Amino acid sequence: MLNSGRRAGFARLSAAGRLAAVAIGAGLLVAAVAVPVVGAVGVITRNAANTFNTLSVPTLGQIPSRSEILDTQGHVIAYYYPNNIYRVPVSYNQIAPVMRNAIIAIEDSRYYLHGAFDLRGTLRAIANDLGSSNGTQGGSTLAQEYVKNALILTATTKQQQDAATEDTIARKVRELKMAADVEHEMTKHQLLAALLNVAFYDNNAYGIQVAAERYFSVSAADLNLTQSALLAGLVRSPTQYDPVNNPGNALARRNLVLTRMQQIGSITKKQAQAAEKQPLGLHMSSTPLQEGCLSASAAPAAFFCDYVMAAIRVNPAYAKAKATLSSVGGLRIFTTLNPQDQRAANSAVNWVAPAHNGFYNPGGNADTEVLIQPGTGKIRAIAVDRAYGQGPGETTVDYAAPTEYDGSTSGVQTGSSSKLFTLLTALNQGVPFGFSQTVVSPSTIGGYTNCEGQPTEAFTVHNDENNSTKPAAFTLYNGTTQSINVFYAHLEQKVGLCNVVKMASSLGLTFVNGGSLLKPDRALGQGDSADNNPSFTLGSEPVAPMSMAAAYATVAARGVYCAPVAINQILTSSNGSLPVQSAGCHRVLSTQVADAATHVLQGVLQSPGTAAGRGTGPPEAGKTGTADSGFYAAFGGFTPRLAGYVSVFNPISAITHPMTGNNSCYRESPAFGGGLNCPGQMFGDNAPGATWQMTFTNASLGSPPAQFVPVPPDSPFFSMGDGVNSPKPPKKPKPGRGGGGPGGGGPGGGGGGGGPGGGGGPPAAPLFGPAALLEP
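Quick caveat: nothing in here was measured; it's all calculated off a predicted structure. (Residues numbered from 1 in each chain as written. Predicted model: local features only at pLDDT ≥ 70, side-chain atom pairs only at ≥ 80, totals over all residues. Heavy atoms only, no water.)

A count of helices and strands for the chain gives 24 helices and 22 strands. The buried share of the chain, reckoned over its 776 residues, is 54%. Once local pairs closer than 6 in sequence are excluded, the contacts in the chain between residues at least 24 apart make up 69%. Total accessible area computed for the chain in this model is approximately 31800 Å², and 53% of it derives from carbon and sulfur atoms. (Helix = DSSP H or I, 4+ residues; strand = E, 2+ residues; numbered from the N terminus. Buried < 20%, exposed > 50% of the residue type's maximum accessible area, 1.4 Å probe, protein only. Contact = heavy atoms within 4.5 Å. Areas by Shrake-Rupley, 256 points an atom, 1.4 Å probe, with all protein chains shown as cover.)

Next comes the structure, spelled out in structure tokens:
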């Protein structure tokens, strides 16, 4: 680098010596070829050229550009800009010809005439740099201007930033060499577009596309003459010629560009004169740049968008994608979102519980739903009946998601929809559909033990349905379809509380913050693990709706659990791919157990099931859920191709704002008339069932509808009948009749005489046999 004293001495050199020194300082290869020098000067110039050819310079890094978050059909959900560099690259053909001509006129009028260097312009600029005390002169070619801007954009460290902006000949030499390399790598058209795409136009606008939108609310392809001249004039000194803060400078600069365009023949004198009379004509974009999940484009799927960004932020599988997003960008993130399913879910939650609607939703209840594709774990939609944002009445809390994915910290209770896990545990142990239990409500039930074999407290429970102090018998089938709490409390005790919690864990259920159900979670105020809580079967633990949706999807997938995933593929700007999270699909239930559970849960949607009439046509199954006192209500349902879980509660506080009285009001689904309904207390078949019904009426379920696999008639699950009707208590044999007659002696008994059961018979199927139905 030359200091000021050496610059003074340099200015006193002869013309030939000065030119040679310029060649040495710049290391110009072309100087040795095109400049007529002789003797020692020629040798020096040749050596300088050789030095230039072998000069080691850094390669240009990837220019930061926006990333795209896309749905399954390739539609943009949202854009993401690295380091707030608002830049949208466009091709040569997407830039108005008049804009291309304007930048050539003012920056490099001989652009299409010279090769790697404009020798005259370059030497003039360097001679001025070395012989003047006025500082360095700007790059004299578009290639040099491109390199200068690209180095600034790609600088990620302070050292790189300082190197890209230092006022030294060393920087100039580096940029000259890099410019020569670029001119060999790009065509003239490509380089011209590249410069316009990296140039800074002030007001947070990088690249011609964003600049056109920012200043004139048009695309780069639609720029006219005066607009193009103004933007071309900004490139050399954006702040000095900023049309917003320095309109006088901007107008003078624009007219200079018009004059240069006339001089090189791009426009006529008449066109130039007419354009010079025009005002700046700014039409600043009135809308903020569309970025992230808060943008208007993301609004229909904002909570899904938020989940995607949270997944990239917290999931180790996306470490490389996270780093790329915040540095160079250029990613295309193909998500699992299905537009039809998202529209269906949005319409449903906003219809059933419209936010801030004092008539249909006077309690201000939140309605959230998540849809998952069975067998893949792909999240098809996330809907919340709130606008996504930080303004009044808005929220950025994704009520469907776990806490670490921007979900709530308190989660939801699931009510009887968690009976699914006790049902699966019973079926896995061989309990048939007709297994019967006589119950009384309310009841206090003991005998539970945790996973360490230690007893837990007794459990007092009452029925929401069929609540009576008179003993009543229920089967596994109708005890489920009618959601009999006392029956399920007894069933949980028989199959083992620990086994039920482990079943739920195997289906991906955790506390809302991701903590294991088998460990105390003091962060949630859970002093004991879930296996110490007999009310687990009634859904008293705080979980995320998404986890419940994944559990129901496991049954729909005939026993294959897949972790929820939101991203299918991530492609880089060079069409390479980055790692994505695996759903880790694996079998946790035998097909027989899953099919048996589906068979039972289909009955929930049939009379006298708790959601009778909620079916939408295709084969469907589901389960209602209601927490005590109307704190929470839920519905989990599925077809072979889609599973959904709905949770409704008051987001201020489910406990202090229970969904009772007027706060229980909601709007029914169109299939049920679509009118106001105020049940007095919110149950799972109310707003949650209506939301699920409306969603699955309009979701993408495939055509023709897929069918469930029926349970074979000879299955052991039918060994005690179909369980549809409550069994009648067995008749006591009359004295003296022995063991004959219907049921005489009971299964395996030994009485004489004819008739069914007489003289013994086959032994009864064990009610709680080994878990032989569980496949590895």
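On we go.
This part takes up the packing of helix 8 (residues 158-165) against helix 9 (residues 169-185). At their nearest, the axes of helix 8 and helix 9 sit 8 Å apart, and the two run at 90° to each other. Between helix 8 and helix 9, the angle falls in the class roughly perpendicular. Contact residues: Ala 163, Ala 164 and Thr 165 in helix 8; Arg 171, Arg 174 and Glu 175 in helix 9. Looking at the contact of helix 8 with helix 9 residue by residue, the classes come out as two nonpolar, one polar and three charged. (Axes fitted to C-alpha atoms, helices over the stretch in contact; angles between N-to-C directions. Parallel < 35°, antiparallel > 145°, perpendicular 65-115°, else oblique. Nonpolar A, V, L, I, M, F, W, Y, C, P; charged D, E, K, R; others polar.)

The next subject is a nonpolar patch on the surface. The grouping of Val 244, Leu 282 and Met 284 at the surface amounts to a nonpolar patch, some 200 Å² of accessible area in total. Following the sequence through the fold, Val 244 ends up in the loop between helix 12 (225-234) and helix 13 (247-263). Exposure remark for Val 244: the relative accessible area of 39% places this residue in the partly exposed category. (Patch = residues over 30% accessible without salt bridge, like charges linked within 9 Å, V, L, I, M, F, W, Y side chains within 5 Å. Salt bridge = Lys/Arg side-chain N within 4 Å of Asp/Glu carboxyl O.)

All right, on to the state of the cysteines then. The tally for this structure, following the rule as stated, stands at four disulfides. Put simply, Cys 451 and Cys 498 are joined by a disulfide, and their sulfur atoms are 2.0 Å apart. Handedness here is read from the sign of the S-S torsion; for Cys 451 and Cys 498, about 105°, the answer is right-handed. In this pair, Cys 451 sits in the loop between strand 9 (443-445) and strand 10 (459-461) while Cys 498 sits in helix 21 (residues 497-506), placing the two residues 47 residues apart along the sequence. Residue classification places Cys 451 among the partly exposed positions, given a relative accessible area of 31%. The disulfide bridge from Cys 665 ends at Cys 678, spanning 2.0 Å between sulfur atoms. Looking down the S-S bond of the Cys 665 and Cys 678 bridge, the torsion is 110°, so its handedness is right-handed. Here the residue Cys 665 occupies a position in the loop between strand 19 (660-661) and strand 20 (666-667), and Cys 678 occupies one in the loop between strand 21 (676-677) and strand 22 (680-681), the gap between them amounting to 13 residues. On the accessibility criterion, Cys 665 (5% relative accessible area) is buried. On the basis of relative accessible area, Cys 678 is assigned to the partly exposed category, the value being 38%. Along the chain, the cysteines engaged in disulfide bonds are linked according to the scheme 1-2, 3-4, 5-6, 7-8 when indexed in sequence order. (Disulfide = S-S within 2.5 Å.)

A few words on the packing of aromatic side chains. For the coordinates displayed, the defined rule picks out 19 aromatic pairs. Centroid distance Phe 433 to Phe 717: 5.6 Å. Interplanar angle 25°. Geometry classified as stacked. Taken together, the residues Phe 433 in the loop between helix 18 (419-428) and strand 8 (436-439) and Phe 717 in the segment after helix 24 (687-698) connect sequence positions 284 residues apart. Seen in terms of ring centroids, Phe 435 and Phe 487 are 6.4 Å apart; in terms of plane orientation they differ by 50°. Their pairing is tilted. (Phe/Tyr/Trp six-rings, centres within 6.5 Å; stacked < 30°, edge-to-face > 60°.)

Spatially, five strands are ordered 2-1-3-13-14 in an open sheet, and the strand pairing comes out mixed. Sheet topology places strand 2 (76-80) and strand 14 (577-578) at the edges, where each strand pairs with a single neighbour. Note that strand 1 (residues 67-70) and strand 2 share four bridges and pair antiparallel. Bridge pairing links Ser 67 to Tyr 80 in strand 2. (Pairing = 2+ DSSP bridges.)

So, on to the side chain of Ser 664. Within the fold, Ser 664 resides in the loop between strand 19 and strand 20. We classify Ser 664 as buried; its relative accessible area is 0%. Here the side chain of Ser 664 touches Gly 680 through a polar contact of 3.0 Å, landing on its backbone nitrogen. Those residues within four positions of Ser 664 in sequence are excluded, and the remaining contacts are Met 659, Asn 677, Cys 678, Pro 679, Gly 680, Gln 681 and Met 682. (Polar contact = N/O pair within 3.5 Å; in protein donor to acceptor, adjacent residues only side chain to side chain.)

Bringing the environment of Gly 622 into the picture now. The topology assignment puts Gly 622 in strand 16 (residues 621-626). Counting along the chain gives 22 residues from Gly 622 to Val 600, while the straight-line C-alpha distance between them is 9.1 Å. Ignoring any residue separated from it by four or fewer positions in sequence, one finds Gly 622 in contact with Leu 601, Val 604, Leu 605, Phe 635, Gly 636 and Gly 637.

All right, on to the pairing of strand 17 (residues 632-638) then. Across the seven residues that make up strand 17, a large majority, seven, are buried. Side chains of strand 17 alternate between two faces, with Tyr 632, Ala 634, Gly 636 and Phe 638 and Ala 633, Phe 635 and Gly 637 buried alike. Sheet topology note: the strand 16/strand 17 ladder contains six bridges and is antiparallel. By the bridge assignment, Ala 621 is partnered in strand 17 with Phe 638. Linkage of strand 16 to strand 17, two consecutive antiparallel strands, is achieved through a turn of five residues, within which Ser 629 is found at a positive phi near 65°.

A few words on the side chain of Asn 197. You can see Asn 197 is positioned in helix 10 (residues 188-198). Residue Asn 197 is classed as buried on the basis of its relative accessible area, which comes to 6%. Among the polar contacts made by the side chain of Asn 197, one reaches the main-chain carbonyl oxygen of Val 90 at a distance of 2.8 Å. Beyond its immediate stretch of four places on either side in the chain, Asn 197 contacts Arg 87, Val 88, Pro 89, Val 90, Tyr 206, Gly 207 and Ile 208.

Before going further, it helps to spend a moment on the sheet that holds strand 17. The pairing of strands in a sheet comes from backbone hydrogen bonds and takes either a parallel or an antiparallel form. The five strands lie next to each other as 5-4-18-17-16, forming an open sheet whose pairing is antiparallel. What marks the edges here is a single partner per strand, and that holds for strand 5 (379-384) and strand 16. Averaged over all adjacent pairs, the angle separating strand axes in this sheet is 10°, with direction ignored.

Evaluation of the coordinates by the stated rule reveals 11 salt bridges. The shortest N-O distance in the salt bridge between Asp 181 and Lys 177 comes to 3.1 Å. Highlighted residues: Asp 181 and Lys 177, both in helix 9, separated by four residues, approximately one helical turn. For Asp 181, a relative accessible area of 26% translates into the label partly exposed. Overall, the relative accessible area of 10% leaves Lys 177 in the buried class. Here Arg 558 ties to Asp 595 by a salt bridge, and the two come within 2.6 Å at their closest N and O atoms. One end of the pair, Arg 558, is in the loop between helix 22 (545-556) and strand 12 (560-561); the other, Asp 595, is in helix 23 (residues 591-602), and 37 residues separate them in sequence.

On to the pairing of strand 18 (residues 643-649), then. Successive residues of a regular strand alternate their side chains across the two faces of the sheet. Most of strand 18 sits inside the fold, with seven of its seven residues counted as buried. The side-chain alternation of strand 18 yields two buried faces, one formed by Ala 643, Tyr 645, Ser 647 and Phe 649 and the other by Gly 644, Val 646 and Val 648. Pairing analysis gives seven bridges linking strand 4 (residues 366-372) to strand 18, with the strands arranged antiparallel. Residue Val 370 lies in a different strand from strand 18, and its bridge partner there is Tyr 645. For strand 17 and strand 18, the ladder comprises seven bridges, and the chain directions are antiparallel. From the neighbouring strand, Ala 634 faces strand 18, where its bridge partner is Ser 647. Counted along the chain from strand 17 to the antiparallel partner strand 18, the turn is four residues long.

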